[in-house]
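Examination of the molecular architecture
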Amino acid sequence: MDEKIAVFIVRAIIRDIYGRYGMEQYFRSTEPRLLMKIYEEWIRVVSVQLEKAGVVEKVYEPLKVDEMSFVDVINRSDYYLKNEDELG
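Scope of this entry: the structure provided in the associated data block. (Residues numbered from 1 in each chain as written. Predicted model: local features only at pLDDT ≥ 70, side-chain atom pairs only at ≥ 80, totals over all residues. Heavy atoms only, no water.)

Examining the environment of I43
The residue I43 is located in helix α3 (residues 32–52) in this model. Once the C-alpha coordinates of I43 and V7 are considered, the two residues, 36 residues apart in sequence, prove to be 5.8 Å apart. (Helix = DSSP H or I, 4+ residues; strand = E, 2+ residues; numbered from the N terminus.)

Focus on the packing of aromatic side chains
Under the counting rule described, the total for this entry stands at 3 aromatic pairs. Seen in terms of ring centroids, Y79 and Y80 are 5.5 Å apart; in terms of plane orientation they differ by 80 degrees. Their pairing is edge-to-face. According to the relative accessible area criterion, Y79 is buried, its value standing at 11%. Joined through ring pairs, the aromatic side chains of Y39, W42, Y79 and Y80 make up one cluster. (Phe/Tyr/Trp six-rings, centres within 6.5 Å; stacked < 30°, edge-to-face > 60°. Buried < 20%, exposed > 50% of the residue type's maximum accessible area, 1.4 Å probe, protein only.)

Overview of the nonpolar core
Of all hydrophobic cores here, the largest spans 20 residues; its most connected members are I14, Y18, F27, M36, Y39, I43 and Y80. Among the secondary structure elements, those contributing two or more residues to this core are α1 (2–19) and α3. When residues no more than four places from it in sequence are discounted, the contact partners of I43 are A6, V7, V10, Y60 and Y80. (Core = buried A, V, L, I, M, F, W, Y, C linked by side-chain atoms within 4.5 Å. Contact = heavy atoms within 4.5 Å.)

Things to note about the pattern of salt bridges
Evaluation of the coordinates by the stated rule reveals 3 salt bridges. A salt bridge links R76 to E40; the nearest nitrogen and oxygen atoms lie 3.7 Å apart. Taken together, the residues span a long stretch of sequence, with R76 in helix α4 (residues 70–77) and E40 in helix α3 at a distance of 36 residues. Here E41 makes a salt bridge to R44, at a shortest N to O gap of 2.7 Å. With E41 and R44 both in helix α3 and 3 residues apart, the pair spans about one turn of that helix. The class of E41 is partly exposed, set by a relative accessible area of 32%. Under the relative-accessibility criterion, R44 is labelled partly exposed at 29%. (Salt bridge = Lys/Arg side-chain N within 4 Å of Asp/Glu carboxyl O.)

Structure follows, in structure tokens:
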């Protein structure tokens, strides 16, 4: 599950951003599709570096957010905010 490592790292970054003064509102006010694109790109960037370091075997392929329905985007948004205990 190479994706899980990259997702774990990105979730930690998101929690850190949300923990800073005023940053949570800024991110939460961003259009959900755009926010999902940002998170998906962060996961890809992290996985590229993990692959270069030999930690994972393949680079994460981001979801095609533009092809997703708005409902699917909204339903997916909680995925990026789960605790590491809920990883999956």
